[in-house]
Structures are given as C-alpha cells and as structure tokens.
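Here is how the chains run, residue by residue.
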Amino acid sequence: MSAVVDRPPVKSEPAPGRWAAPPRPTWEEEPARAGLAAKGVVLGFACFAILFPLWIVIVTSLSPKQTIDETGGLVVIPKGITFVAYHELLSGGQVQRATLVSLGVTTVGTLFSMTVSVLCAYGLSRVGSLGHRWILMTLLATMFFGAGLIPTYLLVQSLGLTDTYLALILPSAVSVFNILVLRGFFMGISPELIDSARIDGAGDWRVLWTIVMPLSRAVLAVIALFYAVGYWSAWFNASIYLTDQNKMPLQNVMIQLVQKQQRPVGLATQINTGQLSPLAIQMAVMVLALLPVAILSPFVQRHFKKGMLTGAVKG
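In every chain, residue numbers begin from 1 and rise along the written sequence. In keeping with the model being predicted, local features are shown solely for residues with a pLDDT of at least 70 and side-chain atom pairs are shown and tallied solely at 80 or more, while totals for entire chains, interfaces and linings include all residues. With hydrogens and water set aside, each side-chain value is computed from the structure's full complement of heavy atoms.

J.: Outline the side chain of Ser113, supporting the account with residue identities and numerical values.
T.: Per the convention used, a helix needs a DSSP run of H or I reaching at least four residues, while a strand needs a run of E reaching at least two, with both numbered from the N terminus. By secondary structure assignment, the location of Ser113 is in helix α4 (residues 94-125). Each residue gets one of three labels from its accessible area relative to the maximum for its type: buried under 20%, exposed over 50%, partly exposed in between, using a 1.4 Å probe on protein chains only. Since its relative accessible area comes to 0%, Ser113 is described here as buried. When sequence neighbours within four positions are dropped, the list of residues in contact with Ser113 reads Ala173, Tyr227 and Tyr231. Any two residues having at least one pair of non-hydrogen atoms within 4.5 Å are treated as being in contact.

In structure tokens form, the structure reads like this:
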C-alpha cells in the first residue's frame, strides 16, 4: 500500500501584465541626485532673487549719507551703520503719524472684520437657520457682480464718511471668500460636539465661544492674517476718500516719498541742508512698511497649511 505524500498547494502566478501593479507616476518616484541638485539650484536662485533686493533696501536705509553719496545710489556692501533715518522718522512728523494711523486702522479693522466674518460664517454653517439660503445666495452674488467705484464713492460720501478713518475700514471690511472658508470649516466640526453642548443647556453664543472657535484656531489665524495684511497694505481707499494729509496711512505716505519724490513733513529742512539722505529716508519708510508683515508671518505660518487646506479633503 503506497503512502500518500502531502504536497503544498501550488500558487498560480498571475499572467504577466494582467494583475501587475500599475506604474507609479513620475512625481512619486525617488528623485535622482541630478534632480535634487537642480531643485537646490533653482530654489537657491529664487531665494537670492527675493532676499537680495530686500538686503539692498535694508543696507541703504542703515547707511550714512557719505556712503550713499560715494556709491551714487543704492548700497550693496555696507560701510558703517547708522540709525539716523529711523530715529528722525519715528521722532515725530508725518511718517510717525502715518505709522500710528496704519497700526490703528489695521488693529481695529481686523477685529471688526473677524467679528463680522465669524458671526456670519457660523450662522450660515447652521443649515436651517433663518434666511440661510437667501443670505448665502446674496453673498455669492456679490462675488460676481459689484456696484463699481462711483456708486461706492457716492455711498461713502452720502454717509458722511469722507475724511474719516471709517472710510479706510468699512468699504473693504468683509470678504465673502473668507466667510465661505470659515463656513466650510465650521460645517466640518463634529455635530455630536454641538449636540452634546446643547443637551447641557448651551446656547448658540456659548457653543460658538467655547467649542467652535477653540477648534478653529488654524483657520482663524489664517483669515486674520489675510485681513491684517489687506488693511496694512491698503492705499486705494485713502487716496480717494481722504484729503487730510494728517490722516493718511503709511502706504500713501510711502507713495508720496518714493514715487512723487516729496519731502516728508518735518524732515525737509534736514534733507535740503544735507544732514540726511533722501534715499535713506525712502528706504527706511519701505522697511517700516514691510516690518509688521515680516514679524507676524512666522507666528501664523504653522497654522497656514492646515487653515488653507480646510475643506479641500472630504471624508
């Protein structure tokens, strides 16, 4: 009687090309050394193209008048450092007043815009709220159809806002795009959290303040940065709504100094007598205009990616 030998089952191999994994896309392959080197060169060139003009502006603003006169203009290699231009700009006069105006408008405008945007976005994120659909459609319509410059100016004039700081805030206080971004984030918050808070007796204000806003720090930081940069860099509203030079923000004063070659109030005598270089004054004003954004951006950078990807991925 012959013994039966157990043999391991033979696995059938798939036909070539039938069940094989699809090839990976080119951008998912491991880059070669030549590719990495090329990317490093391109990235380095881009950084140089961005940082080199900034370097020239900063060095020129810190250079003495003698160095600027010797180079005949912008300074690339510093030969001595002085803070005379910054000291004179911030010791009183037109530039200091314009800087305070820009800081005040940016702070108040950002707080006002964030308050209105958060409240509007939270109301629109609650499906079934009063007038939800019609308000949303009206806001979307404003993204495609605008009244135009002349009706807006006539409205601001009829409200008596010309030559006031409110004219720098109210015409551009709310961005529908930012409201939609906030609304998408609020709608992504787990409904179970809100329902459990309502069971405990929390109202809409308590839910917004204690649950929704703490969970939305990333998107709130990004939207606040958008509003702050917009207010700080704005110059068009001041150019058409303001005639009082004492109320002009820093950006408009910088345009007067750099493009129109005007002398700042309070420093004209020192520039005419040769004590200060007008080019150093211009570069110092440009540095003052860039400084707040450069300081705030690193603190918001860690929230930027998460905030901007809000609503991009479903599931």
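Back to the text.
J.: Tell me about helix α10 (residues 217-233), and please be specific about residues and values.
T.: Given the number of residues in a helix, its expected span is that number minus one, multiplied by 1.5 Å. Here α10 spans 24 Å end to end across 17 residues, near enough to the 24 Å set by a 1.5 Å rise per residue. Among all positions in α10, only Ala218, Val219, Leu220, Ala221, Val222, Ile223, Leu225, Tyr227, Ala228, Tyr231 and Trp232 are buried.

J.: How would you summarise the packing of aromatic side chains if you had to cite specific residues and measurements?
T.: Aromatic rings from Phe, Tyr and Trp, taking only the six-membered ring of Trp, are treated as a pair when their centres fall within 6.5 Å; an angle between ring planes under 30 degrees marks them as stacked, one over 60 as edge-to-face, and anything in between as tilted. Tallied over the full model, the rule gives 4 aromatic pairs. Ring centres 5.1 Å apart and planes at 20° place the aromatic pair Phe48 and Phe52 in the stacked group. Of this pair, Phe48 and Phe52 both sit in helix α1 (residues 33-62), separated by 4 residues, roughly a single helical turn. The ring of Tyr165 carries Lys247 above its face, with NZ or CZ at 5.8 Å from the centroid. Charges are assigned to positions over rings by a cutoff of 6 Å between ring centre and Lys NZ or Arg CZ, combined with an angular limit of 35 degrees from the ring normal.

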